Amino acid sequence: MRLRRPAALAALALVAGLGATAGPAAAADPILPLSDVVPGMVGEARTVVRGTDIVTFTVTVIDVQRSTDGPGGSLVLVRASGPVIDATGGVAEGMSGSPVYVTGADGVARVMGAVAYGTGDQENVVVGVTPIEQMIDSSSGQRANEVAPRADRRVTLVGDRAAARALERRSPGRVGAYPLARWTVAGASRPLIAPLAAELRRSGVQLTSLGPRTPRPPTPLVPGSSMTALLAGGDITLGAIGTVTYVDGATVLGFGHPFLGAGRTRFLLGDGYVYQTIAAPIVGGSYKLAEPGTLQGMVVGDRSDGVTGRIGPVEGIAATGTATDTGRGTTSTVRATLAPDDRTAPIMAGLIQDEPAVRVRDGLGGGTLTVRVTVRSPALTAPVTYRNVYASAGDVITLASGQAPRVMAILMQNGVRSLPIASLDVRQTLEPRVRAARITGASVRPRTLRAGGRAVLALRLQPWRGTARTVRLPFRVPGELDGAGPTGLRVVPNSSGGFDPFPADLTQDLGASAGVAARTGAVRAAERFAARAPGPRLAKVLSGLERVTDDRNDAVRILLPGDDADDPSTGVTLGVPYVVYGGRAGVRVRVR
């Protein structure tokens, strides 16, 4: 890892304003107080079941849950009906946030709340509506919670439809409510989906993959239209599909339940496109097969009663990943905007690194991969750059996977000082030849050395499945090497983890080994080094990052007497045209 001055700091200004807006937002609709909601009341819900056109279905109030046991404190149970519901197999995941309007005797349609939770009923039509007052923090809604009687059946929040049905079988007096959002990734290759889904599953997220990304013009965010809360947008999109509930100027409310429960946050706000609503109420619940769309602003609130967005500039991390395969003569580039959230940006950095490499290689294969990660921050006058080389007889992409997430995690998640990130750039070059070798011997010329002088290391290597060869590496003799008489030097690999000699495991998903444990370990190691480093907190963070990422694989170290081979900061490091994965050599010299 090294620090390099940028060509033009003015380029950082391009990060702001990356989103495209869909015109001015509408004025807020009038609301229906929770205290006026009674069983038997009939309303109309708005949503999208295909494309971007808003359709409606009928809802009838069954009961009102006014108990702190429910998600957010209160929940209105309703039954959905009508031709739309018949066609979609009930209320589908992705309909969360669908606004429910009730028209009174005065002819005014008022917003009662947002369809938010399924209950696992057999017909898939009994759902929970989050009161609009809770979504906008109206004090009148809180008073209604305090004075109203309790509901007949108590609501308990669960993770999914299966859990809701299981709860109701065990306890018929309870209603299990699960969020009706649908997480989707588009633009990511199939080998990357399983490890990504496994990582998100730790947060209770079930992921749907759509394959290629389809750019579309922005769609206005109005009540009933599709909206997305996103971790990434652009050539790769990842987030949850929901529905807009309420719009007040530039403020957009939706979902009726949490996205990730992050509280005050900075995720990305976008529209969406629904390919089809899949009717599957028996086998696991109906859902919208939908794609996150154009970025239109930021998600600034992620609370128990819904998601709050702001239409306007997109303040994300500008990310670019480029990979070139010299054997095939192909190049692939992926551009995306990442949410500037320190918990999720490192995960998305993994997609930015791996996706172009998978595309350009088009299958598993061995070879040599050079990766360079460049991160820019407004807190730094120069970018942080990490470079390394990996070689594998089987799957070199998986071997190199995880380097961009590691750097991002150290910078954003460390306990010393979190750095804001403006941009991430990952560049990789794949070669068909496996450039890996072991050390078999070494000599130094001249044999008599002077501290501070120059010498040449003749390093004998045995390449993997190749003919032995010798490379000559000039170096400067360390000033601390003194004393007369014979002295023993050792030559060792700088890092032994850059080569995999085994064939590809076709039963394992790509990148499955580069997960949260690796990132957490890197962050903790960087914190330990930072604690011992001198200077202000920013300097400590950079020192810890440099120590953790000082793992160059295409290098050897000349160790002086007393140097620790396990400490990468000791000795003289010399680059070689191979990934050096084993062996060592001793050299006897005279010092004068």
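In short, a report on the structure. (Residues numbered from 1 in each chain as written. Predicted model: local features only at pLDDT ≥ 70, side-chain atom pairs only at ≥ 80, totals over all residues. Heavy atoms only, no water.)

Focus on the overall build of the protein
Now for step 1: A count of helices and strands for the protein gives ten helices and 32 strands.
Now for step 2: The proportion of buried residues among the 592 residues of the protein is 56%.
Now for step 3: The long-range fraction of contacts in the protein, counting pairs at least 24 apart against all pairs at least 6 apart in sequence, stands at 70%.
Now for step 4: Looking at the protein as shown, the accessible area adds up to about 23800 Å², and 51% of this sits on carbon and sulfur atoms. (Helix = DSSP H or I, 4+ residues; strand = E, 2+ residues; numbered from the N terminus. Buried < 20%, exposed > 50% of the residue type's maximum accessible area, 1.4 Å probe, protein only. Contact = heavy atoms within 4.5 Å. Areas by Shrake-Rupley, 256 points an atom, 1.4 Å probe, with all protein chains shown as cover.)

Quick notes on the pattern of salt bridges
Now for step 1: For the structure on display, the rule yields 17 salt bridges.
Now for step 2: Notably, a salt bridge pairs Arg213 with Glu291, separated by 2.8 Å at the nearest N-O pair. Here Glu291 lies in strand β16 (residues 287-303) and Arg213 lies in the loop between β11 (207-209) and β12 (226-234), a separation of 78 residues in the sequence.
Now for step 3: For Arg427, the salt bridge goes to Asp425, with nearest N and O atoms at 2.9 Å.
Now for step 4: According to the relative accessible area criterion, Arg427 is partly exposed, its value standing at 48%.
Now for step 5: Taking the relative accessible area as the measure of exposure, Asp425 reaches 14% and is therefore buried.
Now for step 6: One salt-bridge network, in which partners are shared between bridges, spans Arg213, Arg216 and Glu291. (Salt bridge = Lys/Arg side-chain N within 4 Å of Asp/Glu carboxyl O.)

Topic: the pairing of strand β23 (residues 436-445)
Now for step 1: Summarising the sheet, β23 and strand β31 (residues 579-583) pair through four bridges and their orientation is parallel. Each bridged residue has a counterpart across the sheet, and for Ala437 the counterpart in β31 is Val580.
Now for step 2: The sheet contact formed by β23 and strand β25 (residues 454-463) spans eight bridges and is antiparallel. Its bridge partner being in β25, Arg445 is matched across the sheet by Val456. (Pairing = 2+ DSSP bridges.)

Notes on helix α8 (residues 403-413)
Now for step 1: Within α8, ten of the eleven residues are buried, which leaves the element mostly enclosed by the surrounding structure.
Now for step 2: Along α8, the residues that are buried comprise Gln403, Ala404, Pro405, Arg406, Val407, Met408, Ala409, Ile410, Leu411 and Met412.

Quick look at the sheet that holds strand β26 (residues 469-476)
Now for step 1: Across the sheet, which stays open at both edges, the four strands sit in the order β26-β25-β23-β31 with mixed pairing between neighbours. Each edge of the sheet is formed by a strand with only one pairing partner; in this case those strands are β26 and β31. Averaged over all pairs of adjacent strands, the angle between their axes in this sheet comes to 45°, without regard to strand direction. (Axes fitted to C-alpha atoms, helices over the stretch in contact; angles between N-to-C directions.)

Some words on the pairing of strand β2 (residues 42-48)
Moving residue by residue along a regular strand, the side chains alternate between the two faces of the sheet.
Now for step 1: With seven bridges joining them, β2 and strand β3 (residues 54-66) adopt antiparallel strand pairing. Considered in β3, the bridge of Val42 is made with Thr60.
Now for step 2: Linkage of β2 to β3, two consecutive antiparallel strands, is achieved through a turn of five residues, within which Gly51 is found at a positive phi near 70°.
Now for step 3: Bridging between β2 and strand β5 (residues 98-103) involves two bridges; their strand directions are antiparallel. Bridge pairing in β5 links Glu44 to Tyr101.

Topic: the side chain of Glu355
Now for step 1: Position of Glu355 among the secondary structure elements: in helix α6 (residues 345-361).
Now for step 2: Reaching out from Glu355, the side chain makes a polar contact with the side chain of Ser189 at a distance of 2.7 Å.
Now for step 3: If we skip the residues at most four places from it in the chain, Glu355 touches Gly187, Ala188, Ser189, Leu192, Ile236 and Val334. (Polar contact = N/O pair within 3.5 Å; in protein donor to acceptor, adjacent residues only side chain to side chain.)

Examining the packing of aromatic side chains
Now for step 1: Here the structure, examined in full by the defined rule, presents five aromatic pairs.
Now for step 2: Each ring, one from Trp183 and one from Phe259, has its centre 4.8 Å from the other, and the planes form 5°; the classification is stacked. Separated by 76 residues along the polypeptide, Trp183 in strand β10 (residues 182-186) and Phe259 in the loop between β14 (251-254) and β15 (263-278) bring together distant segments of the chain.
Now for step 3: For Phe259, a relative accessible area of 7% puts it in the buried group.
Now for step 4: Where Tyr273 meets Tyr275, the ring centres are 5.3 Å apart and the plane angle is 75°; that geometry is what we call edge-to-face. (Phe/Tyr/Trp six-rings, centres within 6.5 Å; stacked < 30°, edge-to-face > 60°.)

Function-wise, these values are silent; they only describe arrangement.
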